Every structure is written in structure tokens, then in C-alpha cells.
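Here is what each chain is made of, one letter per residue.
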Amino acid sequence: MESKLPDEPNAPGMPPVLRWHAVYTRSRFEKRLMELLVAKGIEAYVPMRKVMHQWSDRRKWVEEPIIRSYCFVKVDATDYYEVLNTPGAVRYIWFSGKPATIPERQIDILRAITGTDVEVHCLPDTFLPGTRVIITAGPLQGLTGELVNISNKKKIIVRIDHLNQVITLTISPMLIKIAK
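Residues numbered from 1 in each chain as written. Predicted model: local features only at pLDDT ≥ 70, side-chain atom pairs only at ≥ 80, totals over all residues. Heavy atoms only, no water.

A.B. asks: Run through the overall build of the protein, naming residues and quoting values.
C.D. replies: The number of helices and strands found in the protein is three helices and 14 strands. Looking at the protein residue by residue over its 180 residues, the buried ones come to 33%. Across the protein, every contact between residues at least 6 apart in sequence was considered, and the portion connecting residues at least 24 apart equals 56%. Only carbon and sulfur atoms are counted for the fraction: they give 54% of the accessible area of the protein, which is about 11800 Å². (Helix = DSSP H or I, 4+ residues; strand = E, 2+ residues; numbered from the N terminus. Buried < 20%, exposed > 50% of the residue type's maximum accessible area, 1.4 Å probe, protein only. Contact = heavy atoms within 4.5 Å. Areas by Shrake-Rupley, 256 points an atom, 1.4 Å probe, with all protein chains shown as cover.)

Structure follows, in C-alpha cells:
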């Protein structure tokens, strides 16, 4: 990828134009990267949710990112490389040959959603009809099938083809992943 700055320099005397960008992070480093960027004076945001984790000896509420491996930063051309020079930042997300900008209203929506008690899950947009998937939990764990339909992002219909029959079932998208 090119290393092109997100914006041309502003005219003299004009305030810098700050835009939101998505930064891909090191694995499980989203929150720490956000803390490091804020300490540098760069506005950063990672949408978080509270989840109950169960260990063998205890249960505990923990915060985890809604969108794994992403941190959103609001920068202009002068701070663009400062973000990349921060430990944990891997690269900017690019679209059409330049760093992707995220509209302010979408960041506001993420903030509004995470400020409520609504249960939030982020599903990859790679679940397209025809994709081979595997069920990861429940009584059908390990069963593979073909994704047929996604209805309202709440339920997924999977065609199971292990029985020389076509069986469709409705299952939560949180219980499947792409089969390898």
C-alpha cells in the first residue's frame, strides 16, 4: 500500500481538519492502544461492551471490544504517522487507495449504542450466502453446512448436508464461524 497522507495540508491560518480513521491493532491490544494514543493527546475510541466471563473458579464482568482489532482515531495529517508509531498500531484500514474515513455520525452511533444496556455483537461481513460454516457451540457443535440466509442479523439459516438430505435450521450467528 502507498504511504499517502489522508489529507492535503490545510491552508495557512486554517484549523486542521480532523477526521476519524480505523486503525488495525495488534491482537488483544485495542484498549491499550487507545490509552497510549490518548496519553499522546490523540482522540481515540474503542467501542466496548461488558460481558460475563466464566472461569472454573469464578465469574466476572469484563469489558471487551465490540469490534476486535480495531481502534478509531480522530487525526489530521500531522498526527497520521504518530498513530502508526505507537506500540500496538499495525496499519490504517484503506479503501479505494486511501485511508478510509469514518463519518462522525457513525462514531456517534457506536457511542450511543455502547452507552446502553442493549446486548451488542459484531458479526463479520464475510458471512455471505453460499459460505461454508461450522457450528461452534450447542448440541450441533462441529457440524458443518452452507449458509443459506441471514435474516435481520439475528438468525442464520444453515443447510446441513451430512445426512444426504437437506435440513435447514435457524441458529444464532454467534454460534457459527467460517469453516476452513
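A.B. asks: Account for the pattern of salt bridges, with residues named and values stated.
C.D. replies: Overall, the coordinates contain eight salt bridges when judged by the stated rule. The partner of Arg68 in a salt bridge is Glu64, and the shortest N-O contact between them spans 3.4 Å. Judged by relative accessible area, Arg68 falls into the partly exposed class, the value being 43%. Overlapping salt bridges bring together Arg49, Glu64 and Arg68 as one network. (Salt bridge = Lys/Arg side-chain N within 4 Å of Asp/Glu carboxyl O.)

A.B. asks: Describe in detail the pairing of strand 1 (residues 19-25), supporting the description with residues and values.
C.D. replies: Across the seven residues that make up strand 1, a large majority, five, are buried. Pairing between strand 1 and strand 5 (residues 70-75): six bridges, direction antiparallel. Paired with His21 across the bridge in strand 5 is Val73. Bridge analysis of strand 1 against strand 9 (residues 101-102) gives two bridges, and the strand direction is antiparallel. Opposite His21, over in strand 9, you have Thr101 as the bridge partner. In the sheet, strand 1 pairs with strand 6 (residues 89-92) via three bridges, with the strands oriented antiparallel. By the bridge assignment for strand 6, Tyr24 is matched with Arg91. (Pairing = 2+ DSSP bridges.)

A.B. asks: Give me the lowdown on the pairing of strand 4 (residues 59-65), citing residues and values where you can.
C.D. replies: Taken together, the seven bridges between strand 3 (residues 48-54) and strand 4 define a ladder with antiparallel strand orientation. Across the sheet, residue Met48 finds its bridge partner in strand 4, namely Pro65. Between the antiparallel neighbours strand 3 and strand 4 lie four residues.

A.B. asks: So what's going on with the packing of aromatic side chains? Residues and values would help.
C.D. replies: One pass over the full model with this rule turns up three aromatic pairs. Ring centres of Tyr24 and Tyr70 lie 5.8 Å apart, and the angle between their planes is 80 degrees; this geometry places the pair in the edge-to-face category. Remark: Tyr70 occurs in strand 5 and Tyr24 occurs in strand 1; sequence separation between them is 46 residues. When its relative accessible area of 26% is taken as the criterion, Tyr70 is described as partly exposed. Plain terms: the ring middles of Tyr80 and Tyr92 are 4.2 Å apart, the flat faces sit at 5 degrees to each other, and that makes the pair stacked. Here Tyr80, found in helix 2 (residues 80-84), pairs with Tyr92, found in strand 6; they are 12 residues apart in sequence, far enough to count as distant. An aromatic cluster of at least three residues, connected via ring pairs, comprises Tyr80, Tyr81 and Tyr92. If you follow Arg58 out to its NZ or CZ, it ends over the ring of Trp55, 4.7 Å from the centre. (Phe/Tyr/Trp six-rings, centres within 6.5 Å; stacked < 30°, edge-to-face > 60°. Lys NZ or Arg CZ within 6 Å of the ring centre and 35° of its normal.)

Purely geometric numbers; function is a separate question.
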